[in-house]
Protein chains: 2
Amino acid sequence: MDLHRLRYFVAVAEARSVGKAAERLRMAQPPLSVQIRKLEAEVGAPLFHRGTRGMDLTEAGQALLVRAGEALALAADGIEAARAVAAGRRGRISVGYMFVLANAVLPRLIPELRRSIPGVDLDFVDLSASTREARLLDRGVTVALCMPAIHHPEIQVARIGAQRFMLAMPNRSPLARIGAVPMARLQGRPLVALPPPERDPASSAVAALLRRHQIVMPIASRVETAHSAMSLVLAGEGFAILPACAKLGAPRGIVFRPLRDAADSIDIAVCWRRDSQSPLIPKFLKCAEKVVARL
Amino acid sequence: MDLHRLRYFVAVAEARSVGKAAERLRMAQPPLSVQIRKLEAEVGAPLFHRGTRGMDLTEAGQALLVRAGEALALAADGIEAARAVAAGRRGRISVGYMFVLANAVLPRLIPELRRSIPGVDLDFVDLSASTREARLLDRGVTVALCMPAIHHPEIQVARIGAQRFMLAMPNRSPLARIGAVPMARLQGRPLVALPPPERDPASSAVAALLRRHQIVMPIASRVETAHSAMSLVLAGEGFAILPACAKLGAPRGIVFRPLRDAADSIDIAVCWRRDSQSPLIPKFLKCAEKVVARL
DNA sequence: GTCAACCCATACGTCTTCGGTATGCCTATG
DNA sequence: CATAGGCATACCGAAGACGTATGGGTTGAC
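Rules behind the numbers
- Residues numbered from 1 in each chain as written.
- Chains lettered and ligands numbered in written order.
- Predicted model: local features only at pLDDT ≥ 70, side-chain atom pairs only at ≥ 80, totals over all residues.
- Heavy atoms only, no water.
- Salt bridge = Lys/Arg side-chain N within 4 Å of Asp/Glu carboxyl O.
- Helix = DSSP H or I, 4+ residues; strand = E, 2+ residues; numbered from the N terminus.
- Buried < 20%, exposed > 50% of the residue type's maximum accessible area, 1.4 Å probe, protein only.
- Polar contact = N/O pair within 3.5 Å; in protein donor to acceptor, adjacent residues only side chain to side chain.
- Contact = heavy atoms within 4.5 Å.
- Near = heavy atom within 4 Å.
- Nonpolar A, V, L, I, M, F, W, Y, C, P; charged D, E, K, R; others polar.
- Domains from an automatic or database assignment.
- Buried area = accessible area lost by both parts, 1.4 Å probe.
- Axes fitted to C-alpha atoms, helices over the stretch in contact; angles between N-to-C directions.
- Parallel < 35°, antiparallel > 145°, perpendicular 65-115°, else oblique.
- Left-handed = near helix turned anticlockwise from the far one by under 90°.

Glancing now at the pattern of salt bridges. Residue and element names in this part refer to chain A. Taken as a whole and assessed by the stated rule, the structure comprises 26 salt bridges over all chains. Salt-bridge contacts for R92 lead to D123; the nearest nitrogen and oxygen are separated by 3.3 Å. A residue pair is termed long-range when its members are at least 10 positions apart, and R92 in strand β3 (residues 91–98) and D123 in strand β4 (residues 120–127) qualify at 31 residues. According to the relative accessible area criterion, R92 is partly exposed, its value standing at 41%. The exposure class assigned to D123 is partly exposed, which follows from its relative accessible area of 31%. Residues participating in the shared-partner salt-bridge network are E80, R83 and R89.

Written out as structure tokens, the structure reads:
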């Protein structure tokens, strides 16, 4: 059956007259009459009582009218919903983020998103350095807030900010009494490290920093996340070199100190699949930029 | 928008390929491809990602798919519902009945209807002699169980049975000791009468019966229904001449006796609007005949 | 009682649109 | 580099929809 016919049927049922309905539909009366009869032929039963004063629904017609009206509304709603999703007025965006950024960014980012893209369902997924690439590629997340950026031919990157590396240590450590720690003071001290560069690019930035200053820090432990690193630091296992924003998630007893002669930083970036053309991505990017700019 | 296109869209979305969907729809691939592009033009946004391995819904497409599927199902359901109503497999029938018949007929009629036309909603409305005609004509009820039949050019009648007139009296009445009361014994006794013939045809049957036997019964009271009549009879106001079936609704203390030399009866009939072509009417009629035959 | 008005149904010509066939383009694969 | 698989484009024939003209039946007024 044809939605066109159903629309005509509804119009005639509402107007209780072929002529009136034709007028409302801006068409001639005869073709409308024909369409109604075709619909009746398809159903196999009369849908209207033909009186001398117009048309009146039969019970079969009433049964059809209810559903036809709903079907029309649903179809129209479907088209409109598709347009809304395409325009980014509705939809769903799944946001991946690395846990180090959570405390610094999410509390400001979430309200910003709700204000900027109301009607869009938000999903937040925390990513580890090793899974974030896969989650983007398999569309587990639409965008990812990364530190540092992902490099992959399928993935588009927008750098939205950077974080200075800082030294994290227990507040009882002697170095904690210095305002900014000279790099030389790190020589030979134990390091609580993140996964090796092939699994976490942050590590290679740290390694490059140390290499450039000819510092060797023996690796006391390797952990998966900045938070685990801070736990071990608090336990006295060693020092950690972490982006400044990690401070916001640090447990009591940890202090962060800048490195005096190292301006090294690690990028904060928004990453997404190059072929993902969701109109929500530019909007998300704008929000993220705004929030990160105020860090 | 056209339901045809939505159907094609759903097929392609499910097959995740234009070619496969075309095969399933038993049509060639190119026209299907064209229809999908037309739908996309109508929406104003792509609904599929074209990959080298087939088609994949965009988010806008997913939003449309859900509603399109429901719209299709609703439209199909609407057609089917109209067919079912036309065939009498579903629908609603509003049954009017006169209260005298209620106790005798309804307890058997209702289960019979539920068995015979399951899926049909039943509505029961009690009618008085004066309103039954109007209720049929204004479609307040689809059919009416009447006693006696209605005579009206717009109303079709099927006689399904008859009820002998009987004499109703208090059990303490001297006539109650007789098995069958001779008509002559009614001479001069007070009558509890129903509304006059112009409002209730049953009265004219009673009047005819009395006239034929040259009996005069002064009218003690006029009441609207057989039940009211029985109340007054119990109170000693007089006698009532009622159809046998009224006995089933009689209060304790009322007895019914046949009239020895009068075989007069009053018809039980099913009545409906001549232009009402509900397929449920013949089915209802069959049930009513079956039930009344066993009275 | 007849005539006009109203409303739906039918007939026919025109035009839109749909579906089929043939073919091209792109990409992945061996 | 050649082949295969998949979607897009071009063109043609056929079906269906719309418009105009007209018929038939009923209501209501003069």
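All names here are of chain B. Mapped onto the elements, Q163 comes out in strand β6 (residues 155–170). You can call Q163 buried: its relative accessible area is 9%. At 2.7 Å, the side chain of Q163 and the backbone nitrogen of C245 are in polar contact. For Q163, the contacting residues outside a window of four places in its chain are M147, P243, A244, C245, D264, S265, I266, I268 and L295.

With that settled, the discussion passes to the protein's contact with DNA strand D. What surrounds DNA strand D is a group of 23 residues, the closest being Y8 and K38 of chain A together with S33, R37 and R50 of chain B. Within 4 Å of the protein, atoms of DNA strand D come from sugar and phosphate in 76% of cases. Separating a phosphate oxygen of DNA strand D from a backbone N or O atom of V18 of chain B is a distance of 3.0 Å. The contact in question runs from a phosphate oxygen of DNA strand D to an N or O atom on the side chain of R50 of chain B, over 2.6 Å. When residues of the surface near DNA strand D are traced back to their parent elements, those giving at least two are α1 (3–15) and α3 (29–43) of chain A together with α2 (18–24), α3 (29–43) and β2 (54–57) of chain B. In the surface near DNA strand D, the residues fall into eight nonpolar, nine polar and six charged.

Once that is clear, we can look at the interface of chain B and chain A. If you look at the interface, chain B gives 34 residues, while chain A gives 34 residues. Scanning the region where chain B abuts chain A turns up two salt bridges. Put simply, R67 of chain A and D77 of chain B hold a salt bridge, and the shortest N to O gap is 3.0 Å. Elements with a contribution of two residues or more to the side of chain B that touches chain A: α1 (3–15), α3 and α4 (59–87) of chain B. Considering each element in turn, the side of chain B that touches chain A owes the most residues, 18 residues, to α4 of chain B. A breakdown of the residues in the side of chain B that touches chain A according to their chemical character gives 20 nonpolar, four polar and ten charged.

Right, let's talk about the environment of T58 of chain A for a bit. Residue and element names in this part refer to chain A. Here T58 lies in the loop between β2 (54–57) and α4 (59–87). Judged by relative accessible area, which is 7%, T58 ranks as buried. Here T58 is in contact with P46, L47, F48 and H49, once residues within four sequence places are set aside. Polar side-chain contacts of T58 include one of 3.1 Å to the backbone oxygen of P46. From its side chain, T58 meets the backbone nitrogen of G61 in a polar contact 3.0 Å long.

Once that is clear, we can look at the domain arrangement of chain A. When the parts of a complex come together, some accessible area is lost, and that lost area is often used as the size of the interface. All names here are of chain A. In terms of domains, chain A is made up of domain 1 (3–87), domain 2 (95–160 + 270–293) and domain 3 (161–266). The gap between the C-alpha centroids of domain 2 and domain 3 is 25 Å. If you look at the interface, domain 2 gives 13 residues, while domain 3 gives 15 residues. Of the roughly 1200 Å² buried between domain 2 and domain 3, counting both surfaces, carbon and sulfur atoms make up 71%. Per-residue buried area on domain 2 facing domain 3 is highest for V100, M147 and P148; these three make up 39% of the total on that side. The interface formed by domain 2 and domain 3 holds zero salt bridges in total. Along the contact surface separating domain 2 from domain 3 lie zero residue pairs in polar contact (both at pLDDT 80 or more). Elements supplying a minimum of two residues to the side of domain 2 that touches domain 3: α5 (99–116) and β6 (155–170).

So, on to the packing of α5 of chain A against helix α9 (residues 280–293) of chain A. Residues and elements named next belong to chain A. Here α5 crosses α9 at 140°, and the two axes come no closer than 9 Å. Taken together, the axes of α5 and α9 lie oblique to each other. In this structure, α5 meets α9 at a crossing whose hand is right-handed. Of α9, the residues touching α5 (which contributes V105, R108, L109, E112, L113, R115 and S116) are F284, C287, A288, K290, V291 and V292. Tallied by class, the residues present in the contact of α5 with α9 amount to eight nonpolar, one polar and four charged.

To continue, consider the protein's contact with DNA strand C. By nearness alone, 22 residues border DNA strand C, and S33, R37 and R50 of chain A together with Y8 and K38 of chain B come closest of all. For DNA strand C, a phosphate oxygen lies 3.0 Å from a polar atom in the backbone of V18 of chain A. In this structure, a phosphate oxygen belonging to DNA strand C sits 2.3 Å away from a side-chain N or O atom of R37 of chain A. Of all the secondary structure elements, the ones that give two or more residues to the surface near DNA strand C are α2 (18–24), α3 and β2 of chain A together with α1 and α3 of chain B. For the surface near DNA strand C, the residue count by class is eight nonpolar, eight polar and six charged.

Structurally, the position occupied by E289 of chain B is in helix α9 (residues 280–293). Taking C-alpha positions, E289 of chain B is 9.4 Å from A158 of chain B, a pair spaced 131 residues apart along the chain.

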